[in-house]
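Below are the chains, spelled out letter by letter.
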Amino acid sequence: MKASRLFLPLSALTIAALNIACDEDSSQIGNSLTEGNVSIYVDSLTYDLHAQGVVNDNFDSRSGYLLLGSINVPQYGQLTSSFISRLMCVTDLGIPSEVDVSMIDSCQLLLNMVRGDIVGDSLAPQVVKVYKLNQQIPEGVTNKFNPVEEIGYQNMELMGSNSFTASGMGNTDSLFNSQKNLRISVDLGKEYAQKVFLEYKNNPQVFKWPQTFAQEFLPGIFVETSFGRGCISNIQAVYLAIFYHTIKEKTETVDGQEVVTKEEVPAIVYPFALSPEVLSSNNISYSVAPLLKEKVESGEIIITTPGGYNAKFSFPAQEIISRYEQDEHNLSLISDLSLTIPAEAVENNYGLTAAPNLLLVKTTEAADFFIKNKLPDQKTSFTATFDSEKNQYTFPSMRSYLLDLLAKGTITEEDTDFSIIPVYLTKEEQKDYNGNIVTYNTKCSPYTMRPTMTRLHTEKALVVFSFSSQKFD
């Protein structure tokens, strides 16, 4: 461990001004800050965290971003992903009342992805297959759940299939150059379209609630690629589209006589779609490359997504508190605590990057964190975003964690054992009372959006700890 300390003597009046907004600490300060010598200390401590790699092969894979396909990267390994999903239904199909079942033409399942949001070869030919689940999706689903291999889910009905490439080259020139989203379409047939139409017409109560819809009509779908390797696509939207037509009558005068002609007018509705309110999960199989496994076994701290490896370490809380308590003072105020870990993407030839965000969470709370859909609380869980310019992650605002330990007195192993897990953060922006834009995290889930490989230099971790103290003469 290496340490450097910045010592800043300040007037008592200056310290009082700096801390006037800290309500929880104001009782410790009071009017006594007008007397004595006040100083600010900033400790920069370099630690070897002695981190360890942790195998992560069974994890929460529920997500609205779904991976589809397979790749094999020498530096990374082999990754295959399919997905299962319930679909949200609309309560009213919205087809005009004069339309009957004979005017229902066909339906397609549409899988949308952002153009370029792939890993691998966009020209790799693939075949996608869509199955109807014959049972409900289990609530405790993880990445290991594959309905093809689960008892009771076998012999699923094949709804449709289609071949595709992730390049979008099958579109016209104008579409190919202008579309931001690419679409994989799977024809489900006229018969299924008519079945959906009749169910809406004859049993509208089925579609009043998602639970009723899943139980009585469509438990969910299973989507996989059965042919082709070399490309993983990120599916961000799933829709069922029903194509139908209406009849438009047109009256014309021909040779002095009125002639009535009928014209078919095509139309489309979207009765089912992927939605955050319903359960979706990736079925992920990841076999770590031998080269990568050797690096981890030799002591390198590498984390991967989706699954593969996480990391854990013991946070040096007792050492930090000991340095804090070694200074003689009558009053003190802890200002801040942060942890910075240098990092970089593991070199590869597939363009795999470092994980965008990391979660730092007490190991004893890691499992429940995702099951209970928790958010970072800045006490036992924190997040950091990868800084690509400085090649590092910084976990800021850990002050409350340290204050809780000081109040507790006795520090146990559970208090200092932390896990590092790549996560995806869903954010929302709102305006505060002053009109400023404030960003909030609304969801924190395991990162399953794309493969990543990150080398963490935990042997060079930097802890920055600052506090002010007052000594009475």
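How each quantity is defined
Residues numbered from 1 in each chain as written. Predicted model: local features only at pLDDT ≥ 70, side-chain atom pairs only at ≥ 80, totals over all residues. Heavy atoms only, no water. Phe/Tyr/Trp six-rings, centres within 6.5 Å; stacked < 30°, edge-to-face > 60°. Helix = DSSP H or I, 4+ residues; strand = E, 2+ residues; numbered from the N terminus. Buried < 20%, exposed > 50% of the residue type's maximum accessible area, 1.4 Å probe, protein only. 1 Å grid on protein atoms, 1.4 Å probe; cavity = no way out; pocket = protein on both sides within 12 Å on 5 of 7 lines; lining within 4 Å. Points joined across faces, edges and corners; volume = space filled by probe spheres on them. Nonpolar A, V, L, I, M, F, W, Y, C, P; charged D, E, K, R; others polar. Pairing = 2+ DSSP bridges. Arc of directions from axis to C-beta. Contact = heavy atoms within 4.5 Å.

A.B. asks: What is the right way to look at the packing of aromatic side chains in this model?
C.D. replies: To describe a pair of aromatic rings, one takes the distance between the centres and the angle between the planes. On inspection of all chains with the given rule, the structure shows 22 aromatic pairs. Judged by centre distance (4.8 Å) and plane angle (50°), the ring pair of F213 and F272 falls under tilted. Taken together, the positions of F213 in helix α5 (residues 210-216) and F272 in strand β13 (residues 257-273) put the pair 59 residues apart, joining distant regions of the chain. An identical accessibility class is assigned to F213 and F272; each is buried.

A.B. asks: Honestly, empty space enclosed by the protein in this entry has me stumped. Any pointers?
C.D. replies: Where empty space is left in the structure can be found by rolling a water-sized probe over the atoms. This structure, assessed with the given rule, holds 2 cavities of 30 Å³ or more. Approximately 40 Å³ is the volume attributed to the second largest cavity. The wall of the second largest cavity is formed by L87, L109, V130, M159, L188, Y192, L218, I221, L240 and F272. Of the residues that constitute the lining of the second largest cavity, the class distribution is 10 nonpolar, no polar and no charged.

A.B. asks: Sorry if this is basic, but what is going on with the pairing of strand β5 (residues 77-85) here?
C.D. replies: If a strand is regular, its side chains alternate between the two faces of the sheet. For β5, a buried count of 7 out of 9 residues is recorded, marking the element as mostly surrounded by other parts of the structure. As paired strands, strand β4 (residues 66-73) and β5 are joined by 5 bridges and run antiparallel to one another. By the bridge assignment for β5, I71 is matched with L79. Following β4, the chain reverses through 3 residues before pairing antiparallel with β5. With 9 bridges joining them, β5 and strand β14 (residues 280-288) adopt antiparallel strand pairing. Note that in β14 the partner of S81 across the bridge is I284. Relative to strand β11 (residues 221-227), β5 is paired through 3 bridges, and the arrangement is antiparallel. Looking at β11, one finds that S85 is bridged to I221.

A.B. asks: I would appreciate a short explanation of helix α9 (residues 399-408) in the present structure.
C.D. replies: Three- or four-residue spacings in an α-helix give side chains the same orientation, since the helix completes a turn every 3.6 residues. Those residues of α9 that sit buried are R399, Y401, L402 and L405. When α9 is viewed along its axis, its buried side chains cluster within an angular range of 160° and face the same direction. Looking one or two residues past α9, G409 carries a phi angle of roughly 90°, positive in sign.

A.B. asks: Explain the layout of surface pockets here, please?
C.D. replies: By volume, the largest pocket is sized at about 740 Å³. Forming the walls of the largest pocket are 32 residues, and the residues nearest its centre are S275, P276, E277, V278 and K443. Elements that contribute at least two residues to the lining of the largest pocket include exactly α5, β12 (231-254), β21 (417-431) and β22 (437-446). Per-element accounting of the lining of the largest pocket gives the leading share, 5 residues, to α5. The residue inventory of the lining of the largest pocket, partitioned by class, reads 15 nonpolar, 11 polar and 6 charged. Roughly 570 Å³ of volume is contained in the second largest pocket.

A.B. asks: Is there a simple way to think about the side chain of N56 in this case?
C.D. replies: The topology assignment puts N56 in strand β3 (residues 52-56). Note on N56: relative accessible area 15%, which makes it buried.

A.B. asks: Just to check I follow, could you spell out the pairing of β22 for this structure?
C.D. replies: Of the strand pairs in this sheet, β21 and β22 are connected by 9 bridges, and their pairing is antiparallel. Residue pairing across strands places Q430 opposite V438, the latter belonging to β22. Taking the residues that link successive antiparallel strands as the turn, the β21-β22 hairpin has 5 residues, and the phi of G435 there is positive, at about 85°.

A.B. asks: Any chance you could explain the environment of I321 here in plain terms?
C.D. replies: Tracing the backbone through its elements, the reader meets I321 in helix α7 (residues 317-325). Taking the relative accessible area as the measure of exposure, I321 reaches 6% and is therefore buried. Residues I321 and L405, spaced 84 residues apart in sequence, show a C-alpha to C-alpha distance of 8.8 Å. In this view, I321 contacts L402, L405, L406 and I411; residues no more than four positions away in its chain are not counted.

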